[in-house]
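Structure assessment
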Amino acid sequence: IGDMVEQGYCRRTIPAAQTAAGIGCPYVLEGNVSSGTVPLTAGNRSRLEFEWAFGERADEVMERYAQKLLENIDPEADSAKQLDVILHTDNLWKDIGVLDQEEMLDHLQTHRREIAEKLKLSPGAVDEAIENRKLKLAQRLEKSDPRAFRSLREHTRRFEEILKKRDPERYDEFIRRRNEAAGHLSRIHPEYRELISELYDENDE
């Protein structure tokens, strides 16, 4: 089913299928009742579509996508535009969910040095761009679906636990760099402070 999902033929929830088909909120339901401005949920929102499609291979497949994005970087092209494309996960299947996008950004953050080298940018600039994108997604999710936002925090911590177990050195650098970027963003964007605290409270320095 993974190939069908990637090609947009099969989605985990009815709202995801409607979004992929170009049907946006509000929906008109039976009895002429409106669904409102927030998509209807269907099933367990805490379960990533990657996990639904690929099961135990979800983490491996997501890492493969991250590698693919790195391989497609053109050293001669505009760095800022390419970074923007990477961070918006435009090369993934259509309309993947916020939780999947956030986890993909976590994977990309562990490759920050490679991204910086290929784009000829400073690692700090890459860190901050990734973190800024993650916070915007989290902020949107917090407003539209608090339950899914709680799931996002759980997924963030689960990703950290897996990375720490597999590669402690890489984990330490990931946490340090992320905290540096988040700290700087909280100073220039005070509206992020509470959000950062909620997402990363266990790793604040």
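Please refer to the structure higher up on the page.
Residues numbered from 1 in each chain as written. Predicted model: local features only at pLDDT ≥ 70, side-chain atom pairs only at ≥ 80, totals over all residues. Heavy atoms only, no water.

Below, the discussion takes up the overall build of the protein chain. Counting its regular elements, the protein chain contains 11 helices and 2 strands. The N-to-C order of helical and strand elements in the protein chain reads α-α-β-β-α-α-α-α-α-α-α-α-α. Taking all 205 residues of the protein chain together, 44% fall into the buried category. Put simply, of all contacts in the protein chain between residues at least 6 apart along the chain, 69% involve residues at least 24 apart. (Helix = DSSP H or I, 4+ residues; strand = E, 2+ residues; numbered from the N terminus. Buried < 20%, exposed > 50% of the residue type's maximum accessible area, 1.4 Å probe, protein only. Contact = heavy atoms within 4.5 Å.)

Let us look at the packing of aromatic side chains. Within the structure shown, the criterion is met by 1 aromatic pair. A ring pair is formed by F159 and F174, whose centres lie 5.6 Å apart and whose planes are at 65 degrees; its orientation type is edge-to-face. With a gap of 15 residues between them, F159 in helix α9 (residues 146–166) and F174 in helix α10 (residues 168–188) connect regions that are remote in the sequence. Of note, R178 hangs over the ring of Y200, and the distance from its end group to the ring centre comes to 3.7 Å. (Phe/Tyr/Trp six-rings, centres within 6.5 Å; stacked < 30°, edge-to-face > 60°. Lys NZ or Arg CZ within 6 Å of the ring centre and 35° of its normal.)

What follows concerns helix α6 (residues 98–109). Here α6 is 12 residues long and its end C-alpha atoms lie 16 Å apart, about the 16 Å a rise of 1.5 Å per residue gives. Summarising burial for α6: 12 of the 12 residues are buried, a large majority. (Expected span 1.5 Å × (residues − 1).)

What follows covers the pattern of salt bridges. According to the stated counting rule, one finds 11 salt bridges in the structure shown. One salt bridge in this structure joins R166 and D59, with 2.7 Å as the shortest N-O distance. With a gap of 107 residues between them, R166 in helix α9 and D59 in helix α4 (residues 58–71) connect regions that are remote in the sequence. The salt bridge partner of E173 is R112, with a shortest N-O separation of 3.3 Å. Linking E173 in helix α10 with R112 in helix α7 (residues 112–119), this pair joins segments that are 61 residues apart in sequence. The class of E173 is partly exposed, set by a relative accessible area of 22%. (Salt bridge = Lys/Arg side-chain N within 4 Å of Asp/Glu carboxyl O.)

F50, M104, L108 and L199 are the most contacted members of the largest nonpolar core, which totals 39 residues. Among the nonpolar cores identified, the runner-up in size contains 5 residues, and L163, Y171, F174 and I175 belong to it. (Core = buried A, V, L, I, M, F, W, Y, C linked by side-chain atoms within 4.5 Å.)

Turning our attention to the packing of α6 against helix α8 (residues 123–144). It is at 10 Å that the axes of α6 and α8 come closest, and there the two elements cross at 165 degrees. The angle between the axes of α6 and α8 places the two elements in the roughly antiparallel class. Two packed elements cross with a definite hand, and for α6 against α8 that hand is left-handed. Note on element contacts: α8 touches α6 through D127, I130, E131, R133, K134, L137, A138, R140 and L141, opposite V98, L99, Q101, E102, L105, D106, L108 and Q109. Residue composition of the contact of α6 with α8, grouped by class: 8 nonpolar, 2 polar and 7 charged. (Axes fitted to C-alpha atoms, helices over the stretch in contact; angles between N-to-C directions. Parallel < 35°, antiparallel > 145°, perpendicular 65-115°, else oblique. Left-handed = near helix turned anticlockwise from the far one by under 90°. Nonpolar A, V, L, I, M, F, W, Y, C, P; charged D, E, K, R; others polar.)

Negative phi is the rule for most residues except glycine; trans is the rule for most peptide bonds. The residue K120 is not glycine, and still its phi comes out positive at about 60 degrees. Position of K120 among the secondary structure elements: in the loop between α7 and α8. Judged by its relative accessible area of 62%, K120 is exposed.

Contact pair α9 / helix α11 (residues 193–200): the axes reach a minimum separation of 9 Å and the direction vectors enclose 55 degrees. One element, α9, and the other, α11, form an angle in the oblique class. Contact residues: F149, L152, R153, T156 and R157 in α9; L195, E198, L199 and Y200 in α11. When grouped by side-chain class, the residues that make up the contact of α9 with α11 number 5 nonpolar, 1 polar and 3 charged.

What follows concerns the environment of E117. Among the structural elements, E117 can be located in helix α7. The class for E117 is exposed, based on a relative accessible area of 64%. Remark: the alpha-carbon pair of E117 and P75, spanning 42 residues in sequence, is separated by 9.0 Å.

Further remarks concern the environment of A129. Structurally, A129 can be placed in helix α8. Classification of A129 by relative accessible area gives partly exposed; the value is 23%. Those residues in contact with A129, other than ones at most four positions away along the chain, are L83 and L87.

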